[in-house]
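Geometric and topological summary
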Amino acid sequence: MIKEKILGKYLVLFMFALLLNINAKETQPIKILEPQTNTVFQKNTLTVVVKIIDKNIDKIKIYSNNGTIYENNITKKRDTYCTLVSLDFGENTIFVRAYSKGKKRFESLIESYYKFPVYKRYKYSPKGYENNYFHTTKNEKACKKCHKMNSNEKKGFAFLDPKESNCYNCHQSLLKYQDAHAPAVNWVCSTCHEKTHSKLTKYPVPLEINKACIHCHKKFQQSFRSKKYKHDPVIIGICDRCHNPHSSPNKYFIRLTPNKLCTSCHEGKGRTTKKEGTNCAASSESSCVKCHNPHASDKPYFYEPGRQDKKKDKPRGLWLE
Amino acid sequence: MAKNIKLIILTLIIVFSVIFFIKYDVGTKFGKFVVIMGNIMTNLQKDPHSYYTEGIDLDVSEEELRDINITKIAEDFKTGQREKIEGLLEKVKELEIKLASKNKLDSELAKLQEEQEVIAMQEHATEEKMLHHSKIDAKVTELVKLEDLPQKFKPLKKYLHEPFKKGACLICHDGNSAEPGKLVTKKNIVALCYKCHPRKDKQQYKHKPVEDGKCFKCHDPHQSNTKVLLKGKSVNNLCLKCHDKNKSVKDMKKTINLNKKYIHKPVEKNCLECHEHHNSKYKKLLKSKDGNLGLCMKCHNKRKMDKKWINYKNVKYQHGAIVGKGKKCLECHDPHASNHKNILKKDQVKTCLECHNKSLKSDEDGQMMMNMAEHLKTHKNWHKPISDVEKEGGCAGCHNPHGSNHFSILKESYTKKFYGDFSKKGFICFKCHKIDKIKKEFTTKSTKFRDGKVNLHFLHINDRKGRTCRACHDEHASKHPKLIRDYTVFGGVKFPLRYIETKNGGSCQPACHKKFSYDRVNPIGIKR
């Protein structure tokens, strides 16, 4: 009995010793403020924000999913560093490593998911991934030192010089492509990203995207309504399924080249682009749209009016020059 | 022993939980370890993309699609809204009917008032003619023959006073008195006149001589060469004896200056076309109520007046200056004479800016109009009609200040839209500007807005999605050359055009496209 009692006492002592020992250990040398792990992104870039706690660290390397390495040399002037990292479709693992004098001191990994609404494979994020918003009051506090976190947009006025916008510095990568949407290029973000309906973030995406679109593109609404047959995305009102509201390398800001865009959903069941006896030449990039109107039509299968006379080879409809 | 083991386990749990709470690092590490292990376990069991496999068919077959009638669902949704709209429309209709009936009553009232005025004027005229000369015959027995009149009355003039003509001098003069020409009454002369003539001072507003009882200021009691025994050569001659500004009459404030370029015709012809001579119900001895509009429209509502015919009633859009509460016509015009065209009080543009120096509410659509005076002040490049008032007519070059069937009381049709069609006839801009500017695809003369030979106006204004003039140009004034706007409104947002002029061309970076530049001499190569 006595032995056991002594054993128990020793055990308790040992635990306290452990506690003390753990307390003495040093803290993390860097802290990753953003992004949180397992977040879903709907754009092809993400910004990694790193805060340096240990002053001995002189280099940070970030390894993106596709193998590119981003290096940051640390100076004593500031303690937080933002790096723009490009993403691949689907799951991405990004490594953040901190070095001091050539030695690796710390490593951490960020997992994220690039959700792309066009491809079936990447349309839905898998379990465990969440939508995390950046523009929360907690996050903005950390950024306030270097960035102006308030929108300086005058309601109803576009900037004379787009670089004046407070949004420009961080979000300019949204507009690197050739064809850009006018409100995005002029940085009047509030036309779509209004503050009202969400408590999670300051600048949410509108709940009903089609309403934001129709606010300017009223003509389309009228023309679509009068038509007999409508494309499903048009009926539901998810314009952003095919169009990128910021910028795109393709005309009309469509997310992929016309044929790829169509076949991303309409694959299989003989809906290939090559079909003998028709003038749907796969070589021409806009071949689907030559005969089908992507929005609405009075004819079944969204045929363009005047489709029947085969003699004319000229493209028809709104969507072509 | 058993008790001790329990104690040990409890302490262990407490210690570990304390560690977890205090040392976040260890907690995360431990948690991470658990998560990673868990992931490894689950990954070993599951295929990572099992939800994409063919187990679940996400594709809907055509048969199923046929069953789902989406258009019907959409229509059902619509009809719910339609009923609401129809209900609202009915209400609007009812209100419109009520409004129409009210307008009718108003117009009838106005007509009745006018008729009353006419009748009153006629009565007034007849009253004057009804002079009872029989009174004279009854009273006076001694008549003086015309030959016996004193020398100063000879030769006799064209119009003679009735008693004077008959030689009944004793009606007015005292025959028994030694003093020649002494009047019968010791009181005012007026009392003598009003013995026969009806009173002229019944109405509220009186001519000063009438009020003072000085009939002889205008009338000669014996004879005259003008009608109604006036002292002047004509009515206007008589009036101007006192009311001319250049002839200084003491304490006379109500004068007019006729040494001016433009004179209102009735002023030259007859003052009595507008004014009453003795007394009147209305201010300034005017002939009709609300002096300016009703009176002016007695002449100016006739189509015969051609250019000076003013149609303010039967137009779609009326000018607030005429219809509203104010001086109406006299807000802008001088009723007598002026040095400015159309007898305006001031320079054409300045008269408009009298009121439009603040943002006013438009009667057309209830929106606020711009503060034009400030706009012209801050934007120095003016449209030619505004800068060259004498030639082009100022604001009235494009607007009809009396009312028009086109919006913004414009003289010809115009558009409010960003996109528009130019096939319509009578577009106001092309009254002065040549349409070649737009219609010619290649040109070297018609316009300066071209890249080499390529007409960039034509590019912007093609048939399908043509932009209107006002998309890029300000109609009134601008800070930039060629009246290029600072901002163009699209979708409720004002986008700057960012126009920069260079020696042989320029560049532009609006919301519509990226920065494009053009050059007339060394073309950059813009294509359609």
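Keep in mind that this is a model prediction, so the values were computed, not measured.

Under the definition given, this model contains 13 salt bridges over all chains. Among the charged side chains, a salt-bridge network with shared partners connects Arg470, Asp474, Glu475 and Arg485 of chain B.

Another point: the sheet that holds strand E8 (residues 103-114) of chain A. Two pairing modes exist for strands in a sheet, parallel and antiparallel, and in both the strands are linked by backbone hydrogen bonds. Residue and element names in this part refer to chain A. A sheet is described by the order of its strands in space; here 5 strands give the open sequence E2-E8-E7-E4-E5, paired in mixed fashion. Both outer strands of the open sheet, strand E2 (39-41) and strand E5 (69-73), are each paired with one neighbouring strand and no more. Between one strand axis and the next, the sheet turns through 30° on average, direction left out of account. Sheet topology places strand E4 (residues 59-63) next to E5; 5 bridges connect them, and they run antiparallel. Within the sheet, the bridge partner assigned to Tyr63 lies in E5 and is Ile69.

For the bond from Glu34 of chain A to Pro35 of chain A, the omega torsion is 0°, close enough to zero to count as cis. If you trace the backbone, Pro35 of chain A turns up in the loop between strand E1 (30-34) and E2. Here the phi dihedral of Val228 of chain B falls at roughly 55°; this positive angle occurs in a residue that is not glycine. Relative to the assigned elements, Val228 of chain B resides in the loop between strand E3 (223-224) and helix H9 (235-243).

A surface patch of negative charge is lined by Glu83, Glu86, Glu90 and Glu94 of chain B. What makes Glu86 of chain B partly exposed here is its relative accessible area of 45%.

Take a positive patch on the surface next. A surface patch of like charges, here positive, comprises Lys254, Lys283, Lys284, Lys327 and Lys345 of chain B. Inspection of the secondary structure puts Lys284 of chain B in the loop between strand E5 (279-280) and helix H11 (293-300).

With that settled, the discussion passes to the sheet that holds strand E3 (residues 45-52) of chain A. Residue and element names in this part refer to chain A. In space, the 3 strands of this open sheet follow the order E1-E3-E6, with antiparallel pairing throughout. Across the chains shown, the open sheet's two edge strands, defined by having one partner strand only, are E1 and strand E6 (80-86). Shown here is a sheet whose adjacent strand axes are inclined to one another by a mean of 30°, direction ignored. Where E3 and E6 come together, 7 bridges link them in antiparallel fashion. In the sheet register, Val49 faces E6, and the bridge partner there is Cys82.

Attention now moves to the nonpolar core. Ranked by internal contacts, the top residues of the largest apolar core, which has 25 residues, are Ile30, Val48, Ile60, Ile62 and Val96 of chain A. Of all elements in the fold, only E3, E4, E6, strand E7 (90-100) and E8 of chain A reach the threshold of two or more residues within this core. Here this core gets 4 residues from one element, more than from any other, and that element is E3 of chain A. Phe407, Tyr414, Phe427 and Cys469 of chain B belong to the second-largest nonpolar core, a separate cluster that totals 10 residues.

Right, let's talk about the environment of Leu360 of chain B for a bit. Residue and element names in this part refer to chain B. Topologically, Leu360 is positioned in the loop between helix H13 (348-355) and helix H14 (372-378). Considered as a pair, Leu360 and Asn371 are 11 residues apart in the sequence and their alpha carbons are 7.6 Å apart. Not counting chain neighbours up to four residues away, the residues in contact with Leu360 comprise Cys355, Gln367, Met368 and Met369.

On inspection of all chains with the given rule, the structure shows 17 aromatic pairs over all chains. With a centroid separation of 5.2 Å and 80° between ring planes, the pair formed by Phe157 of chain A and Tyr487 of chain B is classed as edge-to-face. Of this pair, Phe157 of chain A sits in the loop between helix H2 (137-143) and helix H3 (168-171) while Tyr487 of chain B sits in strand E11 (residues 487-490), placing the two residues on different chains. Exposure remark for Phe157 of chain A: the relative accessible area of 28% places this residue in the partly exposed category.

Turning our eyes to something else, we now look at the side chain of Thr83 of chain A. All names here are of chain A. Position of Thr83 among the secondary structure elements: in strand E6. Within the structure, Thr83 has its side chain in polar contact with the side chain of Asn72 (distance 3.2 Å). The residues touching Thr83, leaving out its near neighbours within four places in the chain, are Leu46, Thr47, Val48, Ile62, Tyr70 and Asn72.

Now for the side chain of Thr468 of chain B. Residues and elements named next belong to chain B. Topologically, Thr468 is positioned in the loop between helix H18 (456-460) and helix H19 (469-472). By relative accessible area, which is 4% here, Thr468 ends up buried. A distance of 2.7 Å separates a polar side-chain atom of Thr468 from the backbone oxygen of Lys417.

Turning our attention to the pairing of strand E12 (residues 493-496) of chain B. All names here are of chain B. Bridge count for E11 against E12 is 4 bridges, and the pairing is antiparallel. Looking at E12, one finds that Thr488 is bridged to Phe495. What sits between the antiparallel neighbours E11 and E12 is a turn of 2 residues, in which Gly491 has the positive phi angle 60°.

Looking at helix H7 (residues 189-196) of chain B, one finds that the buried residues are Val190, Leu192 and Tyr194 of chain B. Its buried side turned inward, H7 of chain B meets helix H8 (208-212) of chain B.

On to the environment of Lys182 of chain B, then. By the element assignment, Lys182 of chain B lies in the loop between helix H6 (162-166) and H7. The spatial distance from the C-alpha of Lys182 of chain B to the C-alpha of Cys172 of chain B is 8.4 Å, given a sequence separation of 10 residues.

Moving on, we come to a nonpolar patch on the surface. Residue and element names in this part refer to chain B. Together, Phe30, Phe33, Val34, Ile36, Met37, Ile40, Met41 and Leu44 make up an exposed nonpolar region whose accessible area comes to about 800 Å². Relative to the helices and strands, Met37 is located in helix H2 (residues 24-45). The exposure class assigned to Met37 is partly exposed, which follows from its relative accessible area of 40%.

Moving on: the confidence of the model for chain A. Where the model shows low pLDDT, its predicted coordinates should not be examined in detail. Summary statistics for chain A give a mean pLDDT of 79 and a share of 80% for residues scoring 70 or more. Long-range and interchain partners of residues 275-279 of chain A, a stretch whose pLDDT sits below 50, account for 4 contacts in this model, where long-range means more than four residues apart.

Thresholds, definitions, all that
- Residues numbered from 1 in each chain as written.
- Chains lettered and ligands numbered in written order.
- Predicted model: local features only at pLDDT ≥ 70, side-chain atom pairs only at ≥ 80, totals over all residues.
- Heavy atoms only, no water.
- Salt bridge = Lys/Arg side-chain N within 4 Å of Asp/Glu carboxyl O.
- Pairing = 2+ DSSP bridges.
- Helix = DSSP H or I, 4+ residues; strand = E, 2+ residues; numbered from the N terminus.
- Axes fitted to C-alpha atoms, helices over the stretch in contact; angles between N-to-C directions.
- Patch = residues over 30% accessible without salt bridge, like charges linked within 9 Å, V, L, I, M, F, W, Y side chains within 5 Å.
- Areas by Shrake-Rupley, 256 points an atom, 1.4 Å probe, with all protein chains shown as cover.
- Lys, Arg positive; Asp, Glu negative; His and termini not counted.
- Charge placed at Lys NZ, Arg CZ, Asp CG, Glu CD.
- Buried < 20%, exposed > 50% of the residue type's maximum accessible area, 1.4 Å probe, protein only.
- Core = buried A, V, L, I, M, F, W, Y, C linked by side-chain atoms within 4.5 Å.
- Contact = heavy atoms within 4.5 Å.
- Phe/Tyr/Trp six-rings, centres within 6.5 Å; stacked < 30°, edge-to-face > 60°.
- Polar contact = N/O pair within 3.5 Å; in protein donor to acceptor, adjacent residues only side chain to side chain.
- pLDDT = per-residue confidence, 0-100.

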